[in-house]
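Descriptive structure summary
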Amino acid sequence: MNAPLSPEAMAKAGLCIGCGACAGLSRDASARMGWDAEGQLKPAGDPAWRTQPSLDFATLCPFSPHAANEDVIAAECFSHAAAVDPAIGRFHRAYVGHAEEGQYRERGSSGGMAGWVAEELLRRGLVDGVAHVAPVDPAEGALFRYRISRNVDALRSGAKSRYYPIELSAILREILAIPGRYAVVGIPCFIKAVHLARRQHPLLRERIVHTLGLVCGHMKSRHMVESFAWQMQTRIEDVQAVDFRVKDATRPANWYRAKLTHRDGATRAQDWWHLVDGDWGSGFFQNRACDWCDDVVAETADISFGDAWVEPYSSDGRGTNVVVVRSRAMLDLIEQGCAEGRVTLKPVDAAFVVETQAAGFRQRREGLAYRLSWRHGAIRPLKRVTPGHDLPIRRKLIYRGRHAIARGSVALFRAARRLRRPALFIGGGRAMLTVYQALTYSRGRLGRLFDWLGPAAR
């Protein structure tokens, strides 16, 4: 490693996920997070703290090659876990199912289990506040932000999935400032960042008592919402709110539909498959750091929640969760909920969990090994996957294609915005998508040509 390890260096290397842990714990008053040209959150403020941070940044950043990895953290936190699996980590039990009582399932994107557990922690007095992502007024400079909810009504406004950049700095400062017991809800790298912060700060170690993880495909840029607005004939300035996954019990759960709400109350909605950037796996607007992640199911969280993307669950529009339980406290809570009929969960094994997230594991195991074999930079990520390039040519092209779309979609969007020609992005994006889907799914005449390279297994 030739470059000094700092927030600025990590951002330049494309290894900063924008979690904000460095800004939240910095003793420099100027430390903050700001938007970069790609629509991602990155360390900002006085250059002095970004180049020479006043904390042990090398062991705090979740993508730092010097930070403890997920295996080390999980071994410390869940040493008594009943099982250890190479894909999903340490755990007591795994389940598939949904929340039965109330409207948790109806309000959430999936089976409502994340909301049920978070509310149960508050209701039982096990925590004084839950840090989670909730919508905010666009006048605040964003559509979503982390906040700490201290009652059930406030917590409920944070239900559903948010494919939008967010960061932890403000809530880490609030936890440090206000005594109490807290739970944090987050994607895998954010939960890892919380654990790394707890290692450095005794107050965080004392006050953050539960972590709730969300299975993650990758982080998106805030530009994706503006792209959706373009494709729904709407100005981003007129968008008051966005629902990335409108729930409809009459449609399969994996038929995503996005809805934009205008300032005047009018709405626009469109199915994701009609949107240029609606094929999640293609990588449109992906955060650069996500190329170097090897944690799909939040292995360091006390409990993790994802969608059960296997039949018959993926066709059930009401939504179904896959749940991985790692701490004894969470296991007791879940078992009591099942015994009381408040949640409906069926035990499953690790292989079932992996199957529900099969595409994510391919991208972050096989794909990561390949990407590690061709990455050259001043700061090299140190992952639990061994670099390797022994793949069929078509698999290599698929991973190259996703990487190119992640970079190219942002550049194309910025050019279209600068020229005030949304059609430039929409047309160019469709061309990218056509090639990607031909390569990955054998679609169209181009797909039949790619079939000469071998099968198109994703």
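This text gives an overview of the structure that appears in the document.

Calculation rules
Residues numbered from 1 in each chain as written. Predicted model: local features only at pLDDT ≥ 70, side-chain atom pairs only at ≥ 80, totals over all residues. Heavy atoms only, no water. Core = buried A, V, L, I, M, F, W, Y, C linked by side-chain atoms within 4.5 Å. Buried < 20%, exposed > 50% of the residue type's maximum accessible area, 1.4 Å probe, protein only. Helix = DSSP H or I, 4+ residues; strand = E, 2+ residues; numbered from the N terminus. Expected span 1.5 Å × (residues − 1). Arc of directions from axis to C-beta. Contact = heavy atoms within 4.5 Å. Pairing = 2+ DSSP bridges. Axes fitted to C-alpha atoms, helices over the stretch in contact; angles between N-to-C directions. Parallel < 35°, antiparallel > 145°, perpendicular 65-115°, else oblique. Left-handed = near helix turned anticlockwise from the far one by under 90°. Nonpolar A, V, L, I, M, F, W, Y, C, P; charged D, E, K, R; others polar. Patch = residues over 30% accessible without salt bridge, like charges linked within 9 Å, V, L, I, M, F, W, Y side chains within 5 Å. Areas by Shrake-Rupley, 256 points an atom, 1.4 Å probe, with all protein chains shown as cover. Salt bridge = Lys/Arg side-chain N within 4 Å of Asp/Glu carboxyl O. Phe/Tyr/Trp six-rings, centres within 6.5 Å; stacked < 30°, edge-to-face > 60°. Lys NZ or Arg CZ within 6 Å of the ring centre and 35° of its normal.

As a further point, take the nonpolar core. Residues Met10, Ile17, Phe63, Leu168, Phe190, Phe244 and Phe425 are the most contacted members of the largest nonpolar core, which totals 86 residues. At six residues, the largest contribution of residues to this core is made by helix 9 (residues 188-200).

Turning to helix 12 (residues 328-339), a few remarks are in order. Look at helix 12: 16 Å from first C-alpha to last across 12 residues, which is about the 16 Å you get at 1.5 Å a residue. Every buried residue of helix 12 is accounted for by Met330, Leu331, Leu333, Ile334 and Gly337. Along the long axis of helix 12, the arc covered by the buried residues comes to 165 degrees, so they all point the same way. Contact partners of the buried residues in helix 12: strand 5 (93-99), helix 6 (113-123), strand 9 (208-214), strand 13 (303-307), strand 14 (321-325) and strand 15 (343-348). Downstream of helix 12 by one or two residues, glycine 341 has phi in the positive range, about 70 degrees.

Let us look at the sheet that holds strand 5. Strands sit in the order 7-6-8-9-13-14-5-15 across an open sheet of eight strands; the sheet is mixed. Each of the sheet's edge strands pairs with one partner strand only, and the pair in question is strand 7 (144-149) and strand 15. Strand-to-strand twist across the sheet, computed as the mean angle between neighbouring axes with direction ignored, equals 25 degrees. Its contacts with the sheet place helix 9 against strand 7, strand 8 (182-186) and strand 9, and it is angled at close to 160 degrees to strand 9.

All right, on to the packing of helix 4 (residues 70-77) against helix 9 then. A pair of packed helices is characterised by two quantities: the angle between their axes and the separation of those axes. Running from N to C, helix 4 and helix 9 cross one another at 65 degrees; their axes reach a closest spacing of 11 Å. When the interaxial angle is binned, helix 4 and helix 9 end up roughly perpendicular. Here helix 4 runs over helix 9; the crossing is left-handed. Residues Glu70, Val72, Ile73, Glu76 and Cys77 of helix 4 form the contact with helix 9, whose own contacting residues are Lys192, His195, Leu196 and Arg199. Among the residues forming the contact of helix 4 with helix 9, the class breakdown is four nonpolar, one polar and four charged.

Attention now goes to the packing of helix 15 (residues 393-419) against helix 16 (residues 422-441). Where helix 15 meets helix 16, the axes come as close as 9 Å, and the angle between the chain directions of the two elements is 175 degrees. Judged by the inter-axis angle, helix 15 sits roughly antiparallel to helix 16. Residue-level contacts link Arg394, Leu397, Ile398, Arg402, Ile405, Gly408, Ser409, Leu412, Phe413, Ala415, Ala416 and Leu419 of helix 15 to Pro422, Leu424, Phe425, Gly428, Gly429, Met432, Tyr436, Ala438, Leu439 and Thr440 of helix 16. Within the contact of helix 15 with helix 16, the residues separate by chemical class into 15 nonpolar, five polar and two charged.

Ordered in space as 10-11-12, the three strands form an open sheet in which the pairing is antiparallel. Edge positions in the sheet fall to strand 10 (239-243) and strand 12 (267-271), since each of these pairs with one other strand and no more. Adjacent strand axes in the sheet meet at a mean angle of 15 degrees, parallel and antiparallel pairs treated alike. Examined bridge by bridge, strand 11 (residues 257-262) and strand 12 share five bridges and lie antiparallel to one another. By the bridge assignment for strand 12, lysine 259 is matched with alanine 269.

Okay, unusual backbone geometry next. That bond from glutamate 311 to proline 312 is cis: its omega, 5 degrees, falls within 30 degrees of zero. Residue position: proline 312 is located in the loop between strand 13 and strand 14. A positive phi angle, near 90 degrees, is found at lysine 160, a position not held by glycine. Here lysine 160 is to be found in the loop between helix 7 (152-156) and helix 8 (169-177). Even without a glycine there, the phi angle at glutamine 233 is positive, about 55 degrees. By the secondary structure assignment, glutamine 233 is in the loop between helix 11 (223-231) and strand 10. Judged by relative accessible area, which is 68%, glutamine 233 ranks as exposed.

Once that is clear, we can look at the environment of phenylalanine 284. Among the structural elements, phenylalanine 284 can be located in the loop between strand 12 and strand 13. Each C-alpha atom of the pair phenylalanine 284 and tyrosine 104 lies 30 Å from the other, and the pair is 180 residues apart in sequence.

Turning next to the side chain of glutamate 70. Of note, glutamate 70 is situated in helix 4. Under the relative-accessibility criterion, glutamate 70 is labelled buried at 6%. Leave out the neighbours within four places in its chain, and glutamate 70 touches Lys192, Asp294, Asp295, Glu299, Thr300 and Arg384.

What follows concerns a nonpolar patch on the surface. Taken together, the side chains of Val435, Leu446, Leu449 and Trp452 define a hydrophobic patch exposed on the protein surface, amounting to about 470 Å² of accessible area. If you trace the backbone, tryptophan 452 turns up in the segment after helix 17 (444-450).

Attention now goes to the packing of aromatic side chains. Throughout the structure, instances matching the rule amount to 22 aromatic pairs. Aromatic pair phenylalanine 228 and tryptophan 272: ring centres 5.4 Å apart, planes at 80 degrees, arrangement edge-to-face. Of this pair, phenylalanine 228 sits in helix 11 while tryptophan 272 sits in the loop between strand 12 and strand 13, and the two are 44 residues apart along the sequence. With a centroid separation of 5.3 Å and an interplanar angle of 90 degrees, the aromatic rings of tyrosine 256 and tryptophan 272 are classed as edge-to-face. Taken as a pair, tyrosine 256 in the loop between strand 10 and strand 11 and tryptophan 272 in the loop between strand 12 and strand 13 lie far apart in primary sequence, 16 residues in all. Classification of tryptophan 272 as buried rests on a relative accessible area of 3%. Site record: aromatic cluster; members linked through ring pairs are Trp35, Phe144, Tyr163, Tyr164, Phe228, Phe244, Tyr256, Trp272, Trp280 and Trp309. Over the face of the ring belonging to tryptophan 35 we find arginine 222, whose NZ or CZ atom lies 4.1 Å from the ring centre.

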